[in-house]
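# Summary of the model geometry
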Amino acid sequence: MIDTTPLRVVTFRRMWIGNGASYFGFQFTSVAVPVQMFAITRSPFWVGLLGLAGLVPLLIFGLWGGAVADVVDRRRLLLFSSALTWVVTLGLLAQAALGVRSPHLLLALTAVQAVGFAISSPARQSIIPRIVPTGMVPAANTLNYTTTTAGGVLGPLAAGLIMGIWSTGTGVTVAYAVDALLFTVTYWATWRLPAIPPIEPDDSGEKPTAGLHGIVVGLKFLVTQPVLLLSFGVDLIAMVFAMPRALFPAVAEERFGGGAAVGWLFSAIAIGSVLGGLTSGWIGRVRRQGVALVAAVVAWGLAIGLSGLAHQLWLMILLLAVAGAADLVSAVYRQSIMQTFAPDRLRGRLQGVFTVVVAGGPRLGDLRAGGTANVTGVGASWVGGGFVAAGLALVLAAAFPALIRYRPAQQPEEKH
């Protein structure tokens, strides 16, 4: 069963609660925005453009936010970026309540929201190794992923219920309001964090900076670590080719008549992640973590490809859930490898790169799925992407075996 030891650390427990509330609330927005966009434009391509709108700010501010996280108090940076995200959520609520119906405004608000996320994510993740012992980092990451994916189950289901009860216009307004309300819990948890200033420079002589030089130093370290590069590579393959999220509104309406079906589709991957997390006690005991990471990505791609062939809602949800369980395993290993490889003076910058990859990949996947669907059709875009991702992950692992050879360094406390 899942390891709950990190919850004994009060600071982590408070942050864990805040993260869970934030992600649960954000799921209402993550469903409402594409549903509103599809209702306005009737085009999967426009829904896919939401991914592009979020990607560009991630590329710019993810790297910069990581550099800043190595220079300033990470708690203060998290407070600022969280406030920005909150303001955008209120903007989404206002435009829905006023019935603006502008796809360009939705794209703009999505872009600004991505700025807040890109700045906050490196700070949020790089805090974890500062508030829990190193040996607890994988368990802490598993708890975070499991809780946020639990929100990923309940949030879209509740959002789908809202869409089924009310019209699209009223439904998206209520969804945005729920997100804005729940964000108050997240802000409270962040406010209660202790100060987390930068650690003094180590013997390397490198003093972190928030400018271009600081970003370059982090990237230079990254290119010397093939395991990190390959872990980022397999994640990009999985998300760019096998993320069908932009197709959910169209599939829900065309195959299942719309309504609550869209909530089930948006929840299905998270359902599998939660079930995988609740039975994840074995994750920390695996030594061949590189092999496990590649196997999880391959399983993700195959399950996604098969789910696109399903014309029964229950079967599609089941296969997407299998994909979600595989995704949780790969996510925990990717995050833990990155956090334990990087010294604290570089952790924010590398977490910024990690944020660009992990959050940017699905947005590229949205663009790829929506664009391909306009040419080949929704089904071919979904199914083909999943199988291509599984094949490319195997090819990458075979061509560059450093990842499948990877085993984590033995911690001193584990030798006793």
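Here is what the cut-offs are and how they apply
- Residues numbered from 1 in each chain as written.
- Predicted model: local features only at pLDDT ≥ 70, side-chain atom pairs only at ≥ 80, totals over all residues.
- Heavy atoms only, no water.
- Helix = DSSP H or I, 4+ residues; strand = E, 2+ residues; numbered from the N terminus.
- Rg over C-alpha atoms; globule rule 2.2 N^0.38 Å.
- Buried < 20%, exposed > 50% of the residue type's maximum accessible area, 1.4 Å probe, protein only.
- Contact = heavy atoms within 4.5 Å.
- Expected span 1.5 Å × (residues − 1).
- Core = buried A, V, L, I, M, F, W, Y, C linked by side-chain atoms within 4.5 Å.
- Axes fitted to C-alpha atoms, helices over the stretch in contact; angles between N-to-C directions.
- Parallel < 35°, antiparallel > 145°, perpendicular 65-115°, else oblique.
- Left-handed = near helix turned anticlockwise from the far one by under 90°.
- Nonpolar A, V, L, I, M, F, W, Y, C, P; charged D, E, K, R; others polar.
- Bend = angle between axes of the 7 residues up to and from the residue.
- Phe/Tyr/Trp six-rings, centres within 6.5 Å; stacked < 30°, edge-to-face > 60°.
- Patch = residues over 30% accessible without salt bridge, like charges linked within 9 Å, V, L, I, M, F, W, Y side chains within 5 Å.
- Areas by Shrake-Rupley, 256 points an atom, 1.4 Å probe, with all protein chains shown as cover.
- Salt bridge = Lys/Arg side-chain N within 4 Å of Asp/Glu carboxyl O.
- pLDDT = per-residue confidence, 0-100.

A few words now on the overall build of the protein chain. Regarding its fold elements, the protein chain presents 15 helices and zero strands. For the protein chain, whose C-alpha radius of gyration is 20 Å, the value lies close to the compact-globule estimate of 22 Å for 416 residues. For the C-alpha atoms alone, the extent of the protein chain along its principal axes is close to 60 × 45 × 40 Å. In the protein chain, which comprises 416 residues, the proportion classed as buried is 58%. Sequence separation of at least 24 residues holds for 87% of the intrachain contacts in the protein chain that already meet a minimum separation of 6.

An ideal rise of 1.5 Å per residue puts 32 Å on 22 residues; helix H14 (residues 378–399) measures up with 32 Å between its terminal C-alpha atoms. The complete set of buried residues in H14 reads Val378, Ser381, Trp382, Val383, Gly385, Gly386, Ala389, Ala390, Ala393, Leu396 and Ala397.

Residues apart from glycine generally show negative phi values, whereas peptide bonds are mostly found in trans. Phi is positive for Arg42, which is not a glycine, with a value near 60°. Structurally, Arg42 can be placed in the loop between helix H1 (10–41) and helix H2 (44–69). Judged by relative accessible area, Arg42 falls into the partly exposed class, the value being 49%.

Next up on the list: the nonpolar core. If you look at the biggest cluster of nonpolar residues, it comprises 78 residues, and the most contacted ones within it are Tyr176, Val251, Trp300, Ile304, Met316, Leu320 and Trp382. Among the elements that make up this core, the one with the highest residue count is helix H8 (residues 226–242) (nine residues). Those residues in contact with Val251 that sit more than four places away from it in its chain are Phe256, Leu265, Met316, Val378 and Trp382. In terms of nonpolar packing, the next biggest core, distinct from the first, is built from 14 residues, Met15, Leu78, Ile128 and Leu143 among them.

A few words now on the environment of Ala296. If you trace the backbone, Ala296 turns up in helix H11 (residues 289–307). Separated by 32 residues in the primary sequence, Ala296 and Leu328 place their C-alpha atoms 8.5 Å from one another. Those residues in contact with Ala296, other than ones at most four positions away along the chain, are Ala326, Val329 and Ser330.

Axis separation between helix H3 (residues 74–97) and helix H4 (residues 103–131) bottoms out at 8 Å; the angle between their running directions is 155°. Our classification of the angle between H3 and H4 gives roughly antiparallel. Considering the relative orientation of H3 and H4, their crossing is left-handed. Counted by class, the contact of H3 with H4 contains 15 nonpolar, 10 polar and three charged residues.

For an α-helix, 3.6 residues make a turn, and residues three or four places apart therefore share a direction. With 18 residues, helix H10 (residues 261–278) ought to run about 26 Å at 1.5 Å a step, and its terminal C-alpha atoms sit 25 Å apart, in line with that. The largest bend along H10 reaches roughly 40° and is located at Ser267.

Quick look at the packing of aromatic side chains now. Given two aromatic rings, their pairing is described by the distance between the two centres and the angle made by the two planes. Within this structure, the stated rule accounts for six aromatic pairs. Ring plane angle 40° and centroid distance 5.7 Å describe the contact between Trp86 and Phe183, whose orientation is recorded as tilted. Of the two residues, Trp86 sits in helix H3 while Phe183 sits in helix H6 (residues 168–191), which places them 97 residues apart along the sequence. We classify Phe183 as buried; its relative accessible area is 7%. Relative to Trp382, the ring of Phe248 lies with its centre 5.6 Å away and its plane at 50°, an arrangement referred to as tilted. On the criterion of sequence distance, the pair formed by Phe248 in helix H9 (residues 248–256) and Trp382 in helix H14 is long-range, its members being 134 residues apart. On the basis of relative accessible area, Phe248 is assigned to the buried category, the value being 2%. Residue class for Trp382 comes out buried when judged on its relative accessible area of 2%. Chaining the aromatic ring pairs together yields one cluster made of Trp86, Phe183 and Tyr187.

Right, let's get into the packing of H11 against H14. One way to put it is that H11 packs onto H14 with a least axis distance of 6 Å and a crossing angle of 160°. Here H14 runs roughly antiparallel to H11, going by the angle between their axes. Between H11 and H14 the crossing geometry is left-handed. Contacts between H11 and H14 involve Val294, Val297, Val298, Gly301, Leu302, Ile304, Gly305, Leu306 and Ser307 on the former and, on the latter, Trp382, Val383, Gly386, Phe387, Ala390, Ala393, Leu394 and Ala397. When grouped by side-chain class, the residues that make up the contact of H11 with H14 number 13 nonpolar, four polar and no charged.

Taken together, Leu52, Val56, Leu59 and Ile60 make up a surface patch of nonpolar side chains, about 330 Å² in accessible area. Counting through the fold element by element, Val56 comes out in helix H2.

Glancing now at the confidence of the model for the protein chain. Per-chain confidence: the protein chain averages 84 in pLDDT, with 93% of residues scoring 70 or above. Per-element confidence in the protein chain ranges from a low mean pLDDT of 74 for helix H7 (residues 212–223) to a high of 93 for H14. In this model, residues 411–416 is a region of pLDDT below 50 whose contacts with residues beyond four sequence positions or in other chains number three contacts.

The next subject is the environment of Phe12. Following the sequence through the fold, Phe12 ends up in helix H1. For Phe12, a relative accessible area of 1% gives the class buried. Sequence separation between Phe12 and Leu52 is 40 residues; the distance between their C-alpha atoms is 33 Å. Beyond its immediate chain neighbours, meaning those up to four positions away, Phe12 contacts Pro6, Leu7, Ile131, Val132, Ala140, Leu143 and Asn144.

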